[in-house]
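Coordinate analysis (summary)
Each chain is listed here by its residues.
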Amino acid sequence: TVKQMGEFFLYVKEIHNIVADARSMKSGRLCEVIFANDISGIRVPPDPRFSKALTESSKQYEKLYPSLAGPTMILNLPFVLQAFIGLIKPLFPPTVQDRLKFKSAPVLARLKELTPLSSSNDRSRKAFLTEIKTLL
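As a starting point, this report considers the structure included with it. The structure presented is a predicted model; accordingly, all values stated were derived computationally and were not measured.

A look at helix H1 (residues 2–27)
Helical periodicity: at 3.6 residues per turn, an α-helix aligns residues three or four positions apart in one direction. The first and last C-alpha atoms of H1 sit 37 Å apart over 26 residues, in line with the 38 Å expected at 1.5 Å per residue. Looking at H1, one finds that the buried residues are Gly6, Phe9, Lys13, Asn17, Ala20 and Ser24. For H1, the elements touching its buried residues are strand E1 (33–38) and helix H2 (48–64). Once H1 finishes, Gly28 follows within two positions and takes phi at roughly 80°, a positive value.

Focus: the packing of aromatic side chains
Following the criterion strictly, the structure yields 3 aromatic pairs and no others. Measuring from centroid to centroid gives 6.1 Å for Phe8 and Phe9, while their planes differ by 55°, and the two rings are tilted. Centroid distance Phe35 to Tyr61: 5.8 Å. Interplanar angle 85°. Geometry classified as edge-to-face. On the criterion of sequence distance, the pair formed by Phe35 in strand E1 and Tyr61 in helix H2 is long-range, its members being 26 residues apart.

Some points on the side chain of Ser57
Mapping Ser57 onto the fold places it in helix H2. A distance of 3.5 Å separates a polar atom in the side chain of Ser57 from a polar atom in the side chain of Lys13. In contact with Ser57, not counting residues within four places along its chain, are Gly6, Phe9, Leu10 and Lys13.

Some details on unusual backbone geometry
Here Asn76, not a glycine, exhibits a phi torsion of approximately 60°, which is positive. Inspection of the secondary structure assignment puts Asn76 in the loop between strand E2 (69–75) and helix H3 (79–88).

Scoring rules and cut-offs
Residues numbered from 1 in each chain as written. Predicted model: local features only at pLDDT ≥ 70, side-chain atom pairs only at ≥ 80, totals over all residues. Heavy atoms only, no water. Helix = DSSP H or I, 4+ residues; strand = E, 2+ residues; numbered from the N terminus. Expected span 1.5 Å × (residues − 1). Buried < 20%, exposed > 50% of the residue type's maximum accessible area, 1.4 Å probe, protein only. Contact = heavy atoms within 4.5 Å. Phe/Tyr/Trp six-rings, centres within 6.5 Å; stacked < 30°, edge-to-face > 60°. Polar contact = N/O pair within 3.5 Å; in protein donor to acceptor, adjacent residues only side chain to side chain.

Okay, here's the thing in structure tokens:
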């Protein structure tokens, strides 16, 4: 159900908060959570129930952790959608405009799987992290 999906997404975001908190304590500086959604290869829009659950959990997360919620990046949109977003983004409230980033991420788009990103010695991970830093 939408409610169950929303609760799961909020649970995952709670885990992100725990990790961000631990890293903040270890580093002595506030860490924030960045959400990146890679749209590479997507040909049909997501199920509206999925979108609703994701939106609801994001709203709850914003209320619970307002200082930790960093930008949300929507990456590698098809050209037509990127152009459409360029037209409608100015209609979004300024706070939404500041938080939503629509970008191209070629390093991420070329990855066939995300497993190499978990290894600190992998070249793909270094290239990916460099790319994310430039996108922010």
